[in-house]
Amino acid sequence: MKIRIEHLCKSYNLPGNENLPVLHDINLSIKSGDFVVILGASGSGKSTFLSLLAGLTTPTSGKIWVQENEGPEKEITAPHPSRALLFQQPSLLPWLTVAGNIAFGCKIRGEGNDLSYQVNQFIEMMGLYEFAQTHPPKLSVGMAQRVCLARALIGHPKALLLDEPFGSLDTLNRTHLQQELINIWMGERFTAVFVTHDIEEALLLGNRIVLLGGRPSTVKDVFDIPLDYPRSLEDDSFFETKKDILKAFRCAIANECD
Amino acid sequence: MQIVRHLQKHTKSYEKSGPEKKLVHSLFYGLVGMTFFLIIWVVVGYFVFRRPGYEQFSGFMPLPAVNALFGLLFEKEFWVSVVASLRRIGVGILIAFLFGLPTGLLIGFYWKLRMITNTPFQFIRMISPLSWMPIALLLFNEFESAIYFLITMATVWPIIMNTSFGVSRVNPHWIKMALNQGATNRQLILHIVLPASIPYILTSLRLALGVAWIVLVPVEFLGISSGLGYIINDARDTLEYDRLMAVVLAIGIVGFLLDATIRQIRQLFRWTWVS
Ligand SMILES: Nc1ncnc2c1ncn2[C@@H]1O[C@H](COP(=O)(O)OP(=O)(O)O)[C@@H](O)[C@H]1O
Ligand SMILES: [Mg+2]
């Protein structure tokens, strides 16, 4: 799925007729199969941006277009399961089992064809086999986020929108899930838009990094990351790229260019 | 601050104890409470009903009352009345739910509806259900229907209020997730809002039962010939005070059991809000 963002602005109406501009004049083109990381400080409007891409929020002005397989470009006006969203916090339904949660979307959309087979596949892929009939409150955060990932992926979305999905995990779990996500993405080649405030995570995952900054936020810079997947923190090339990127960040945000 | 720390310490030590210990605790403290209750009953009874001229009321004392209660257990009329009373609150609450649940869901879901209905509902809610009694008697030819109406009027408000409150407390992430997965408004209500509100709905059922059980007794004075309220009235007319007191006890026991049942059911549906 190709995503094209044009002059996107978003401001929130606060109580008392106040207006909070969050995003200002965002222009961005995302190629099909890209892994784009949106990098910005907390409060810079990253969640708002993803919510706009998902169609859960309407822009104040500007447009977002999506295009699938050389089909017609369509403007985003409402949420659609082809753009699956993964939240910061696990959002599992406590009255359903793990399997029931994974199947939730397919069930309500009536995509019933060998659903239980597919659910089992995802349960196995995510290493949730012992937990298939467990209810979410008994899961650890890492497990719960795995279930959310499976729920997002089972409908084979064309784009996956991830809102700091690993932010509340411990380092070990986070590293695992980052690797799994990259493996799945390399297999399925959906378009991924991943939001984070963690530079290392951005460098591990993205083939492009979009730097948000300012108040209201705009796109400060876009970097192509030429590293091969899977990446590792220990690689020399990773370390070199990180140094370059950090320098470029300083240049883009603080105007400290060499 | 001292008080807060004190409270925290005690809640913590209580929460740490295992389920068996908790059961023993609640049984023990329950027994202590009941013992105090009995003592107060005896003392008050002794001072009030042993005074000269009041001997005829000694049936209100614990021993005759408990004796009469055992007698009641073997009476067909008593069980018929228990069933009649339970049926009345059952039917009344059922009607209240049929009306109140969808209303509460819709009010919770659509904020405009909530704004519109808030004032009239708060207003009607504050009217004692018993004040509808004359109106109920005019509206319905049969006492039975009038009773259903009164129970419904008494219980529909807590059901509406709690259900709509439950809806407004649904985790917004669940709604966003369902919308993202392609849920329609109808599916949103059926698959997210309704199950998420079950704890609140059960709370409303508990409140409704409490109100219904309280309203039932005076309503059963109305001129029907069955029900626990009826037996009380009847015993008063025939001066059988031990019997009267026994029915009062029975009302307390049945009410307590109903409440305990709902509390148990509610434990099963306690969604923890972490995930
Ligand atoms: N629904 C909302 N109504 C009003 N203000 C909001 C709303 N959502 C977010 N904001 C505000 O917009 C700003 C950006 O929020 P958010 O998009 O969550 O940033 P991030 O995800 O980068 O931390 C914050 O200042 C936040 O308080
Ligand atoms: Mg955020």
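Preceding this paragraph is the structure being described.
As the structure is a computational prediction, the values presented were derived from the model and not from experiment.

Calculation notes
Residues numbered from 1 in each chain as written. Chains lettered and ligands numbered in written order. Predicted model: local features only at pLDDT ≥ 70, side-chain atom pairs only at ≥ 80, totals over all residues. Heavy atoms only, no water. Helix = DSSP H or I, 4+ residues; strand = E, 2+ residues; numbered from the N terminus. Rg over C-alpha atoms; globule rule 2.2 N^0.38 Å. Buried < 20%, exposed > 50% of the residue type's maximum accessible area, 1.4 Å probe, protein only. Contact = heavy atoms within 4.5 Å. Areas by Shrake-Rupley, 256 points an atom, 1.4 Å probe, with all protein chains shown as cover. Lys, Arg positive; Asp, Glu negative; His and termini not counted. Charge placed at Lys NZ, Arg CZ, Asp CG, Glu CD. Pairing = 2+ DSSP bridges. Phe/Tyr/Trp six-rings, centres within 6.5 Å; stacked < 30°, edge-to-face > 60°. Lys NZ or Arg CZ within 6 Å of the ring centre and 35° of its normal. Salt bridge = Lys/Arg side-chain N within 4 Å of Asp/Glu carboxyl O.

Enquirer: Residues and numbers for the overall build of chain A, please.
Expert: Looking only at helices and strands, chain A features 7 helices and 10 strands. Taken over C-alpha atoms, the radius of gyration comes to 19 Å for chain A, in line with the 18 Å a tight globule of 258 residues would show. In terms of its C-alpha atoms, chain A occupies a principal-axis envelope of roughly 55 × 50 × 40 Å. Counting the 258 residues in chain A, one finds 50% classified as buried. When contacts within chain A are restricted to residue pairs at least 6 apart in sequence, those whose partners lie at least 24 apart make up 68%. Accessible surface computed for chain A: about 12100 Å², of which carbon and sulfur atoms make up 50%. Separation of charge centres in chain A, based on 24 positive and 30 negative side chains, amounts to 5 Å.

Enquirer: Can you explain the pairing of strand S10 (residues 218–224) of chain A? Please cite residues and give values.
Expert: All names here are of chain A. With 6 bridges joining them, strand S9 (residues 208–213) and S10 adopt antiparallel strand pairing. Across the sheet, residue Ile209 finds its bridge partner in S10, namely Phe223. Adjacent in sequence and paired antiparallel, S9 and S10 are bridged by 4 residues, among which Gly214 carries a positive phi angle near 90 degrees.

Enquirer: Just give me the short version of the packing of aromatic side chains, but keep the residues and values in it.
Expert: If you walk through the whole model with that rule in mind, you get 12 aromatic pairs over all chains. Centre to centre, the rings of Phe165(B) and Tyr200(B) are 5.6 Å apart; their planes meet at 80 degrees, and the pair counts as edge-to-face. With Phe165(B) in helix H7 (residues 143–168) and Tyr200(B) in helix H9 (residues 185–219), the pair connects residues that are 35 residues apart, well separated along the chain. When its relative accessible area of 40% is taken as the criterion, Phe165(B) is described as partly exposed. One aromatic cluster is present, built from ring pairs that chain together Phe35(A), Phe166(A), Trp185(A), Phe194(A) and Tyr229(A). Lying over the aromatic face of Trp185(A), Arg189(A) brings its terminal NZ or CZ to 4.3 Å of the ring centre. The aromatic ring of Tyr229(A) is capped on one face by Arg231(A), whose charged end is 4.2 Å from the ring centroid.

Enquirer: Tell me about the pattern of salt bridges, and name the residues and values.
Expert: All names here are of chain B. Applying the stated criterion across every chain, the model contains 17 salt bridges over all chains. A salt bridge links Glu144 to Arg87, with the nearest nitrogen and oxygen atoms 2.7 Å apart. A residue pair is termed long-range when its members are at least 10 positions apart, and Glu144 in helix H7 and Arg87 in helix H4 (residues 76–109) qualify at 57 residues. Arg206 is the salt-bridge partner of Asp259, the closest N and O atoms lying 2.8 Å from each other. With Asp259 in helix H11 (residues 241–268) and Arg206 in helix H9, this residue pair connects regions lying 53 residues apart in the sequence. You can call Asp259 partly exposed: its relative accessible area is 21%.

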